[in-house]
Amino acid sequence: PAKTPAVGKRVVLKVMDPVQLSTGLSGVGGCQVMLQIGLEGALPHVEVIGELPDFSAIAHHYSEWKQAYGQIVHCLDTRIQAPGSQITNISFQEILFPCQQAARQLKLAINQWLDSPRFRKLKEQLLEPLQTTDSIRVFWQTSDPLLRQLPLQMWRWFDRYSKAELIVTGATYRHQHSTGQSPNEIRILSVLGDRT
């Protein structure tokens with residue numbers, strides 16, 4: 001008999017607009033997050049609301065990382081246009097090191113943010129019903145432009161769940177029903193390259 005493909009799991013982390021969340025006597029910036037977990041194509045069987053702390057530190061590290069990465073692109077552009085006989089006195093390692101350092105700082109900031117005590121309740125719920133062998137689609141749903149640009153696949157959680165894929169969406173989206181394609185059929189979304 002033919003084996004039925006295992007149904008994947010679906011995780012939605014819906015980040016509400018950043019607000020002044022009050023904790024104790026003083027107000028602390030952050031955002032509410034709704035976590036939903038369920039099987040693909042079914043209603044979620046877990047739905048929990050929690051919060052994330054302020055992400056201004058991540059915004060700073062993201063800006064530095066983007067700037068360092070931009071320097072590499074600019075330098076490569078310059079080196080490509082320089083004649084072969086011209087001495088440029090540019091070491092690729094000198095340019096690459098700040099980018100790697102900025103990436104490490106950004107990764108650390110993202111992990112500290114998503115491992116924060118304020119997010120712990122959601123993280124524990126995220127670990128409970130999921131197996132490391134599960135095929136998981138993780139929807140990161142937010143209207144904030146910065147939060148949609150963050151490389152959240154740097155979160156250590158993705159190391160544990162190697163079959164998880166990150167999908168970033170706006171605050172509202174419409175789920176498209178299956179077109180009836182075979183699950184083994186390959187679909188190419190885009191092809192990227194350069195002139196060579």
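Please refer to the structure placed before this passage.
The rules behind each value
Sequence positions are assigned chain by chain, starting from 1 and proceeding in written order. Where totals are concerned, whole chains, interfaces and linings use all residues; where local detail is concerned, this predicted model gives features only for residues with pLDDT of at least 70, and gives and counts side-chain atom pairs only at 80 or more. Values reported for side chains reflect all heavy atoms of the structure, with hydrogen atoms and water molecules removed beforehand. Definition of nonpolar core: a set of buried residues of the types Ala, Val, Leu, Ile, Met, Phe, Trp, Tyr and Cys, connected through side-chain atoms within 4.5 Å. Three exposure classes are used, based on accessible area relative to the maximum for each residue type with a 1.4 Å probe and protein chains only: buried under 20%, partly exposed in between, and exposed over 50%. Strands are runs of DSSP state E lasting at least 2 residues, helices are runs of H or I lasting at least 4, and numbering of each runs from the N terminus. When checking whether two residues touch, look at their non-hydrogen atoms; a contact exists if any pair is within 4.5 Å. By definition, a salt bridge exists where a carboxyl oxygen of Asp or Glu is found within 4 Å of a side-chain nitrogen of Lys or Arg. Patch membership requires over 30% relative accessible area and the absence of a salt bridge. Like charges are linked within 9 Å, and nonpolar side chains (Val, Leu, Ile, Met, Phe, Trp, Tyr) within 5 Å. We get accessible surface area from the Shrake-Rupley algorithm with a probe of 1.4 Å; when it comes to residues, only the shown protein chains can shield them. What counts as a ring pair is set by centres within 6.5 Å for rings of Phe, Tyr and Trp (its six-membered ring), and what kind of pair is set by the plane angle: stacked under 30 degrees, edge-to-face over 60, tilted for all other angles.

K.L.:
Account for the nonpolar core, naming residues and giving values.
P.N.:
Generally speaking, soluble globular proteins have nonpolar side chains that are buried together. Counting residues in hydrophobic clusters, the biggest one holds 36 residues, and the most contacted among them are Trp113, Leu114, Trp140 and Trp157. If you tally residues by element for this core, the top one is helix α2 (residues 92-114), at six residues. Residues within four places of Trp157 in sequence aside, it is in contact with Leu126, Leu127, Leu130, Ile136, Val138 and Ala164. Grouped together as the second largest cluster of nonpolar side chains are five residues, Ala68, Ile95, Cys99 and Ala102 included.

K.L.:
Break down the pattern of salt bridges for me, with residues and values.
P.N.:
Across all of its chains, the model carries six salt bridges by this definition. A salt bridge links Glu51 to Arg118; its shortest N-O distance comes to 2.8 Å. One end of the pair, Glu51, is in strand β4 (residues 46-53); the other, Arg118, is in the loop between α2 and α3 (120-127), and 67 residues separate them in sequence. Here Glu51 falls in the buried class, since its relative accessible area comes to 19%. The partner of Asp115 in a salt bridge is Lys123, with the nearest N and O atoms 2.8 Å apart. Judged by relative accessible area, Asp115 falls into the partly exposed class, the value being 22%. Taken together, the shared-partner salt bridges connect Arg10, Glu40 and Arg137 into one network.

K.L.:
Which residues make up a nonpolar patch on the surface, and what are the values?
P.N.:
A surface patch of nonpolar side chains, amounting to about 400 Å² of accessible area, comprises Ile186, Ile188 and Val191. Here Val191 lies in the segment after β6 (164-169).

K.L.:
Break down the packing of aromatic side chains for me, citing the residues and quoting the values.
P.N.:
A complete count under the given rule lists nine aromatic pairs for this structure. Summarising the aromatic geometry, the rings of Phe55 and Trp113 are spaced 6.1 Å apart at their centres and angled 65° between planes, so their arrangement reads as edge-to-face. Taken together, the positions of Phe55 in the loop between β4 and α1 (56-81) and Trp113 in helix α2 put the pair 58 residues apart, joining distant regions of the chain. Taking relative accessible area as the criterion, Phe55 reaches 11% and is therefore assigned buried. Among the residues examined, Trp113 registers a relative accessible area of 4% and is labelled buried. With a centroid separation of 6.3 Å and an interplanar angle of 35°, the aromatic rings of Trp65 and Tyr69 are classed as tilted. Remark: Tyr69 and Trp65 occur in helix α1; sequence separation between them is four residues, near one turn of the helix. Here the aromatic cluster, defined as three or more aromatic residues joined through ring pairs, consists of Phe119, Trp155, Trp157, Phe158 and Tyr161.

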